[in-house]
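Spelled out from the first residue to the last, the chains are:
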Amino acid sequence: MSVNRPYLLKNAANLRLVILVLWLVCYVGYGQFEDTHDFNNPAALPLFTQMVYRKLCNSTASLSHELATRAKFCVKDPDADWNRAFNFSTNLDFLSSCIKKTQGDIGRRICTAAEMKFYLNAFFFKSSNPGYLQQNGNCNLTSWVSGCEPGWACSIDPTEQVVLQNSTDFPERTRNCMSCCEGFFCPRGLTCMIPCPLGAHCPLATLNKRTSLCEPYTYQLPPGRPNHTCGGANVWADIRSSGEVFCSAGSYCPSTTRKLACDSGNYCRMGSTSEKPCFKLTSCNPNTANQNMHAFGVMVIFGVITILLIIYNCSDQILTTREKRQAKSREAAVKKAKAHQRWKVARTEIRAQITRTFSGVKETHKILDRGYSSDVGISKYSSPESSSAVQSSNEVKDDKIKKSSSQILKDAYSQIEKEKAMELENKDLTFSGLVNMATYSEVRKRRTLMELSFKDLTLTLKSNGKHLLRCVTGTMKPSRITAVMGPSGAGKTSLLSALAGKAVGCSLSGLILINGKQESIHSYTKIIGFVPQDDIVHGNLTVEENIWFHAKCRLPAGQSKGDKVLVVERVIDSLGLQAVRSCLVGTVEKRGISGGQRKRVNVGLEMVMEPSILFLDEPTSGLDSASSQLLLKALRHEALEGVNVCMVVHQPSYTLFRMFQDLVLLAKGGLTVYHGPVKEVEEYFSGLGIIVPERINPPDYYIDVLEGIVTDLNSDVGYKELPQRWMIHKGYSVPLDMQNNNSAKDLVMNPDVVSNTSCNAEQTFVRELWGDVNSNFRMHSDKIRHNFLQSRDLSCRRNPSIWPQYKYFLGRIAKQRMREAKLQATDYLILLLAGACLGSLIKASDESFGAPGYTYTIIAVSLLCKIAALRSFSLDKLHYWRESASGMSSLACFLAKDTIDCFNTLVKPLVYLSMFYFFTNPRSTFFDNYIVLVCLVYCVTGIAYALAIFLQPGSAQLVSVLLPVVLTLVATQPKNSEAMKIIADLCYPKWALEAFVIGNAEKYYGVWMITRCGSLMKSGYDINKWNLCIMILLLIGVVTRNIAFVGMLILQKR
């Protein structure tokens, strides 16, 4: 058998290597070697280094475990933190060097778990100095070897076995003391070595003879020991206590014994283990700790300002272009409709002319023919069932045939032109014309006829017992216009409010009947329109957009688009708003349409919902005679469709006065003087001897009489007796107090209240104050009860549900925000400048993890975002009250506003951080800061909603400015007591600041571990609570939004 000699030699070499490894393993367990020359063997040293590193891993793992146990608030993942601090597997040169220096005695010089625990305990006692430990078995008053000095360590007796995992007993370590190895630190009071964490630089110290300090450290040589030299590092603690151990800024330390300068194009923060490349468009010089972001910041500022200027100057262009396209389509439809109508009229006239020429039919026959055709029309549409059936069948056909927008507009204008032609044809109001108009109104009619009756209606203030109305009786019929007139203080608006169910803070007595039944007026809210005296119209919407929004939200949900277009176009045309339909209504700051046109838009918002009852509070005030007649003409068209129109008028012209059909004339104190047809009012007063002089407007004269201005009446009846005379004339019962007292002034007060007041005339100031407070409380209680009053819906109309209304509100608010883009751009620009100023002025501190900069960020962002969010509800309170009172969904309105504001919630943090983040350059990621800032903006926006709803605009702005400053000061105060902690937990800045600091502190690891724990312990923060902070900020935002929504429901005025 042949023997392969090279193969045997190779196997022999492998066998010797295995034996050497087993020998090293055995001796590593005891931490000793007899033959010191073996450590210089290149083949044995790496193996022994690996063995020592494994034991070192066990030792440092116990250190990390102890730190995680004692400081859970600053250690999120113990394994990850250990890897970032003590994972030296990539470079073990410092261990090999220490093995050579200690001649293999390194295992006896490394601290056990008990010694490391003893060292770490010093950080949890504020009175202790981390560089000087308490006395122990090896270092005390009776035993103080050289290893007890800083930077030195000793060994254990060779016969004693070392168990590094021992966490209870200190080994006797006093032999063979020498200086600490590079890459380790030896604290004063301990005779063992602890490895320096990654990111530290722990070289051997050198003596500075001038200062007698062992540099780069700060300890001195012990006196009386001339043979003692400077050792290694002596402490690892926070940055303030042991800054010399940290790898300096502008350099990076790949191992704890090497420090390299940072190259150009990279930057190295303090405690870095590697270089970090600079961001694009920035510059980094050699040995720099931060990026030079000034050029980048200037470019970003100019870029954002350019974008904002474009938005500022071109914000309305999209809507304007869209409106122009719609206007062109509408004009084309109008031209086609008018041309078609002219052709029909011409064709009819030609056919009639030919008929008259050849058949000799007289004009009388034509009239009879019209009457016959009208009778046929009446018989055809007289039945409501057949009318509704025809209408439903037409709607089904329209649904099946989808028409384009231009075709819908064409049909609508064709219908309007047809109505105008019929009106022109029947303007003389001949018999046949009346038949035709009645027939056509019957075809168009789809409204519920409502007759409103009231008997002995009395309205009394609960606070002082004053009568606003007294014993008012009458009836308002459908298809008629009733004017309510009287001098100032006669209760005209009070009568409208009582009939519309809007009287709050008053006690109402008497009967109000709807179609002869005693039912609540709130059951018919969907088909009742109320035009307030003030022109509550959105100024940043066009005339058409205002009217269309009310049409979408208040017309029946099943109504087709063509019908809605017809209704809207009919209202715009009847009110004479065609010329300004695409013009913004205007605000105080921005000029829009005229005051008269604004008044007509205010009326159109209620006409477009096709009401059955329409209340109007002084709609002609501020209008000229022509505009007033145009408005009355439109209202008469509404009355022809069966609408019960009731309006308060203040001294109309004679022409306008003759356009009314019924009149309610009130005297001071809310007493009725006349209620009946307008044609009979002069006859009634003439019967009392009150005759209107020539060339005097009758309504002006009657109001002057009721005011007591006219004294030369040729009548035996004084103006104070007119209410009693009306009651006697109509056969109503006259109250006893009115029979015994002829003074109208005395009738204003409740007689019971008058007697009580006379008895308590000399009441004390406290009692009077208590009475005022009590009356105010009762009034607010009545308002809240009134707002939450629920009535059964009897209107037989199904309005759009919440989600369609939410879509309509969303579209309207989006348009408003686009037209307010200049204001939005200003907000963004202010945030941009705030981020640039704070980022450049505040220097980031590694010791506090950027807490000062984040504190100012919370104040600035909270203040600016709150002020901006106040506009969402402060400026639209009146509009919201009107819309909610008309039956629109409050929830849809609130959700739509909040949804649109979510755009700012997402964009504003981005704008601010684009400056602040790159100027301060924190270690936390941009995304972490963005998430916290988004939650902060969401939180403060909810608070702003609540302030805007519950407070007046001036007070809300003041509170919005003070609140973030005060709460931030409270949140950053030392928590020395439990009460202070509870108060701080209620402040949202506390959670925002904690989230910011935690997010930044997580990026400090390795040599920064103790600094991180110390800073978080001092602030009372927990690194595991970042998600909790985010959730609390979101929860505050949700809770405050719910509070704001409840406030909307409680404080609204119906």
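Keep in mind it's a predicted model, so treat the numbers as computed, not measured.

Trainee: Help me understand the overall build of the protein in this model?
Mentor: Looking only at helices and strands, one finds 35 helices and 19 strands in the protein. Per-residue burial for the protein yields a buried fraction of 49% across its 1054 residues. Expressed as a percentage of contacts within the protein between residues at least 6 apart in sequence, the contacts between residues at least 24 apart total 72%. Carbon and sulfur atoms provide 57% of the accessible area of the protein, an area that totals close to 50,800 Å².

Trainee: Help me understand the pattern of salt bridges, please; the structure alone is not making it clear to me.
Mentor: Between side chains of opposite charge, pairing is possible as soon as their charged atoms come close. Taken as a whole, this structure holds 25 salt bridges when the rule is applied. The partner of Glu545 in a salt bridge is Arg819, and the shortest N-O contact between them spans 2.9 Å. Taken together, the residues span a long stretch of sequence, with Glu545 in helix H14 (residues 543-554) and Arg819 in helix H25 (residues 802-819) at a distance of 274 residues. Of the two residues, Glu545 and Arg819, neither departs from the other in class, the shared state being buried. Here Arg1041 and Asp898 are joined by a salt bridge, their closest N and O atoms 3.0 Å apart. One end of the pair, Arg1041, is in helix H35 (residues 1026-1051); the other, Asp898, is in helix H29 (residues 890-920), and 143 residues separate them in sequence. Here the two residues Arg1041 and Asp898 agree in accessibility, since each one is buried.

Trainee: Is there a simple way to explain the sheet that holds strand E18 (residues 662-667) in this structure?
Mentor: Sheet strands pair via backbone hydrogen bonds, and the direction of the pair is either parallel or antiparallel. Overall, mixed pairing links the six strands, which are arranged E15-E16-E17-E13-E18-E19 in an open sheet. Because the sheet does not close on itself, it has two edges, and the strands there are strand E15 (528-531) and strand E19 (671-677). Put simply, the sheet's adjacent strands are angled 15° from each other on average, direction ignored. Direction of pairing for strand E13 (residues 481-485) relative to E18: parallel, over a ladder of four bridges. Paired with Thr482 across the strands is Asp662, a residue of E18.

Trainee: Before we go on, may I ask you to explain the packing of helix H26 (residues 821-841) against helix H27 (residues 851-874) in this structure?
Mentor: Axes are the key here: two packed helices are described by the angle between their axes and the distance separating the axes. One can describe the packing of H26 onto H27 by two numbers: an axis separation of 11 Å at closest approach and a directional angle of 175°. Overall, the two elements H26 and H27 adopt an arrangement that is roughly antiparallel. Taking contact as the criterion, the partners of Leu823, Gln824, Asp827, Ile830, Leu831, Ala834 and Leu838 in H26 are, on H27, Tyr856, Thr857, Ala860, Leu864, Ala868 and Arg871. Looking at side-chain class alone, the contact of H26 with H27 contains nine nonpolar, two polar and two charged residues.

Trainee: Whenever I open this one, the packing of aromatic side chains confuses me. Can you help?
Mentor: The relative placement of two aromatic rings is captured by the distance of their centres and the angle of their planes. Tallying each qualifying case throughout the model produces 31 aromatic pairs. Between Phe685 and Tyr702, the aromatic rings sit 4.5 Å apart at their centres with planes inclined by 25°, giving stacked as the arrangement. Remark: Tyr702 occurs in helix H20 (residues 698-707) and Phe685 occurs in helix H19 (residues 681-687); sequence separation between them is 17 residues. One aromatic cluster in this structure is built from Phe86, Phe88, Phe94, Tyr119, Phe184, Phe185 and Trp236. In this structure, Arg812 is placed above the aromatic ring of Phe549, and the distance from its NZ or CZ to the ring centre is 4.4 Å.

Trainee: Could you clarify how one ought to interpret the UniProt feature "transmembrane region" (unreviewed entry) in the protein in this entry?
Mentor: Here, UniProt's "transmembrane region" (unreviewed entry) annotation points to residues 12-30, 293-315, 825-842, 854-873, 930-950 and 1026-1051. Helix makes up 94% of residues 825-842 and strand 0%, and the two end C-alpha atoms of the span are 26 Å apart. End-to-end, the C-alpha atoms of residues 854-873 are 29 Å apart, and along that stretch the chain is 100% helix and 0% strand.

Trainee: Honestly, the environment of Lys897 in this entry has me stumped. Any pointers?
Mentor: Considering the arrangement of structural elements, one finds Lys897 in helix H29. With residues near it in sequence (within four places) discarded, Lys897 still touches Ile813, Ser872, Phe873, Asp876 and Tyr945.

Trainee: Which parts of the structure should I look at to understand the sheet that holds strand E11 (residues 452-461)?
Mentor: Across the sheet, three strands lie side by side as E12-E11-E14; this open sheet has antiparallel pairing. Two strands bound the open sheet, and with one partner strand each, they are strand E12 (467-476) and strand E14 (506-514). Pairwise comparison of adjacent strand axes, ignoring direction, gives a mean angle of 5° for this sheet. Pairing analysis gives eight bridges linking E11 to E14, with the strands arranged antiparallel. Paired with Leu459 across the strands is Leu508, a residue of E14. The strands that helix H13 (residues 492-500) touches are E11, E12 and E14; relative to E11, the one it contacts most, it runs at about 115°.

Trainee: It is not clear to me how the pairing of strand E8 (residues 258-261) should be interpreted in this structure. Could you clarify?
Mentor: In the case of a regular strand, side chains alternate between the two sheet surfaces. Examined bridge by bridge, strand E7 (residues 251-255) and E8 share three bridges and lie antiparallel to one another. Each bridged residue has a counterpart across the sheet, and for Ser255 the counterpart in E8 is Arg258.

Trainee: Sorry if this is basic, but what is going on with the packing of H29 against H35 here?
Mentor: Two numbers describe how H29 lies on H35: the axes approach to 11 Å, and their chain directions differ by 140°. One finds that H29 runs oblique with respect to H35. For H29 against H35, the interelement crossing comes out right-handed. Residues Ser890, Leu891, Phe894 and Asp898 of H29 touch H35, and the partners they reach there are Arg1041, Ala1044, Phe1045, Met1048 and Leu1049.

Trainee: Help me understand the side chain of Thr458, please; the structure alone is not making it clear to me.
Mentor: Relative to the assigned elements, Thr458 resides in strand E11. By relative accessible area, which is 10% here, Thr458 ends up buried. Leaving out residues up to four positions away in the same chain, Thr458 has contacts with His467, Leu469, Arg470, Cys471, Ser507, Leu508 and Ser509.

Trainee: Looking at this structure, I do not really get the state of the cysteines. What am I missing?
Mentor: Tallied over the entire structure, the rule returns eleven disulfides. Across the disulfide, Cys98 is cross-linked to Cys181 (sulfur-sulfur distance 2.2 Å). In this structure, the disulfide formed by Cys98 and Cys181 twists by about 65° around the S-S bond and is classed as right-handed. Taken together, the residues Cys98 in helix H4 (residues 93-102) and Cys181 in the loop between strand E2 (175-179) and strand E3 (184-185) connect sequence positions 83 residues apart.

Trainee: Help me understand H25 in this model?
Mentor: In an α-helix, one turn spans 3.6 residues, which is why side chains three or four residues apart end up on the same side. Compared with the 26 Å implied by 1.5 Å per residue over 18 residues, the 26 Å span of H25 between its first and last C-alpha is a close match. The set of residues buried in H25 consists of Gln805, Tyr806, Tyr808, Phe809, Arg812, Ile813, Gln816, Arg817 and Arg819.

Trainee: Explanation requested: unusual backbone geometry in the structure shown.
Mentor: With glycine set apart, most residues show a phi of negative sign, and most peptide bonds adopt trans. The amide bond that connects Glu215 to the next residue, Pro216, takes the cis arrangement and shows omega of 10°. A positive phi angle is found at Gln651, which is not glycine, with a value near 55°. Topologically, Gln651 is positioned in the loop between strand E17 (644-648) and helix H18 (654-658). A relative accessible area of 34% places Gln651 in the partly exposed class.

Trainee: Is there a simple way to explain a nonpolar patch on the surface in this structure?
Mentor: A surface patch of nonpolar side chains, about 490 Å² in accessible area, is lined by Leu958, Val961, Leu962, Val965, Val966 and Leu969. Structurally, the position occupied by Leu962 is in helix H31 (residues 953-971).

Trainee: Any chance you could explain the nonpolar core here in plain terms?
Mentor: A general trend in soluble globular proteins is that nonpolar side chains are found buried together. Membership of the largest hydrophobic core comes to 144 residues, with the highest contact counts inside it found for Leu95, Ile106, Tyr119, Phe184, Met193 and Tyr912. The biggest single contributor to this core is helix H30 (residues 926-950), with 16 residues. The residues touching Tyr912, leaving out its near neighbours within four places in the chain, are Leu831, Ala834, Gly835, Leu838, Thr857, Val861 and Leu933. In terms of nonpolar packing, the next biggest core, distinct from the first, is built from 67 residues, Leu575, Val643, Met647 and Phe660 among them.

Reading the values: rules and limits
- Residues numbered from 1 in each chain as written.
- Predicted model: local features only at pLDDT ≥ 70, side-chain atom pairs only at ≥ 80, totals over all residues.
- Heavy atoms only, no water.
- Helix = DSSP H or I, 4+ residues; strand = E, 2+ residues; numbered from the N terminus.
- Buried < 20%, exposed > 50% of the residue type's maximum accessible area, 1.4 Å probe, protein only.
- Contact = heavy atoms within 4.5 Å.
- Areas by Shrake-Rupley, 256 points an atom, 1.4 Å probe, with all protein chains shown as cover.
- Salt bridge = Lys/Arg side-chain N within 4 Å of Asp/Glu carboxyl O.
- Pairing = 2+ DSSP bridges.
- Axes fitted to C-alpha atoms, helices over the stretch in contact; angles between N-to-C directions.
- Parallel < 35°, antiparallel > 145°, perpendicular 65-115°, else oblique.
- Nonpolar A, V, L, I, M, F, W, Y, C, P; charged D, E, K, R; others polar.
- Phe/Tyr/Trp six-rings, centres within 6.5 Å; stacked < 30°, edge-to-face > 60°.
- Lys NZ or Arg CZ within 6 Å of the ring centre and 35° of its normal.
- UniProt positions renumbered as here; feature names shortened; annotations may be inferred.
- Left-handed = near helix turned anticlockwise from the far one by under 90°.
- Disulfide = S-S within 2.5 Å.
- Expected span 1.5 Å × (residues − 1).
- Patch = residues over 30% accessible without salt bridge, like charges linked within 9 Å, V, L, I, M, F, W, Y side chains within 5 Å.
- Core = buried A, V, L, I, M, F, W, Y, C linked by side-chain atoms within 4.5 Å.

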